[in-house]
Amino acid sequence: MKILLVEDDELIASGLQLALGRLRHRVEWSADGQQAQRLLDTEDFDLVILDLGLPGKDGFDILGHLRMAGSAVSVLILSARDGIKDRVKGLDLGADDYLTKPFDLDELLARVRVLERRRMSSANHVLENGRLALDLNAMTVTWDNQPVELPRREWMLLRLFVENPQRVYTRSQIEDALYGWSEGTESNAIDVHVHHLRKKITPDLIKTIRGIGYRLGEVA
Ligand code: CA
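Residues numbered from 1 in each chain as written. Predicted model: local features only at pLDDT ≥ 70, side-chain atom pairs only at ≥ 80, totals over all residues. Heavy atoms only, no water.

This paragraph deals with the sheet that holds strand β6 (residues 126-129). The 4 strands lie next to each other as β6-β7-β8-β9, forming an open sheet whose pairing is antiparallel. Here the strands that pair on one side only, and so sit at the sheet edges, are β6 and β9 (146-148). Between one strand axis and the next, the sheet turns by 25 degrees as a mean value, whatever way the strands run. Contacts between helix α6 (residues 152-163) and the sheet are confined to β6, β7 (132-135) and β8 (140-143), with β7 contributing the most and set at about 115 degrees to the helix. (Pairing = 2+ DSSP bridges. Helix = DSSP H or I, 4+ residues; strand = E, 2+ residues; numbered from the N terminus. Axes fitted to C-alpha atoms, helices over the stretch in contact; angles between N-to-C directions. Contact = heavy atoms within 4.5 Å.)

The topology assignment puts S187 in the loop between α7 (171-179) and α8 (189-200). Taking relative accessible area as the criterion, S187 reaches 65% and is therefore assigned exposed. Here the alpha-carbon distance between S187 and M156, two residues 31 residues apart in the chain, equals 18 Å. (Buried < 20%, exposed > 50% of the residue type's maximum accessible area, 1.4 Å probe, protein only.)

The next thing to look at is the nonpolar core. The nonpolar side chains of a soluble globular protein tend to be buried with one another. Residues L132, L158 and I174 are the most contacted members of the largest nonpolar core, which totals 29 residues. Sorting the residues of this core by element identifies β7, β8, α6, α7, α8 and β12 (213-216) as the ones contributing at least two each. When residues of this core are assigned to their parent elements, the largest contribution, 7 residues, is made by α6. Apart from the residues within four sequence positions on either side, I174 is in contact with L157, L160, F161, Y169, I190 and Y214. With 19 residues, the next largest nonpolar core counts V6, A36, L39 and F60 among its residues. (Core = buried A, V, L, I, M, F, W, Y, C linked by side-chain atoms within 4.5 Å.)

Written out as structure tokens, the structure is:
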């Protein structure tokens, strides 16, 4: 899943990024409520793990804004506020789950799995754009209805572009999405993945934006 982690405690955030990244989730981290709000306004996420006490903007305000705007993204509140009133308020505002700190990592991951299953059983599993179709469950891709074999990183990279077809990604944003923060990468790793994807699918698949990075190209 594509997860937005909104958490101003760096220790908790880095631990969660690592654990969720190992499970092949793509995690973006924001330590500031305002910045998280901007990300939610401009990008699609499958799950938001939301702290309540945040600089910039309170977690309840972010959640309220999301639901007012009609967003159906899954939200798991992760907060030190353990009073019944806060839990009820969070659920009433539209949170899918509420876990209090200190928390057990295994329990959090189990709750993430529940939300993922719920989402998968209700959502369309196939992401289509032009001649491309990505099956998010099977992690497979077809081009003109023909299957294309892709290793995991190339598949993740393609998914990133297809999920956000208008967005231009810098190399470092792609590295964060594909590798997380903990792994070092070869400096040209992203260019190599892009080269392979173009070769396997079509040269126009990914457009180079000079001096910036890449975006999805012509797939119609
Ligand atoms: Ca906090």
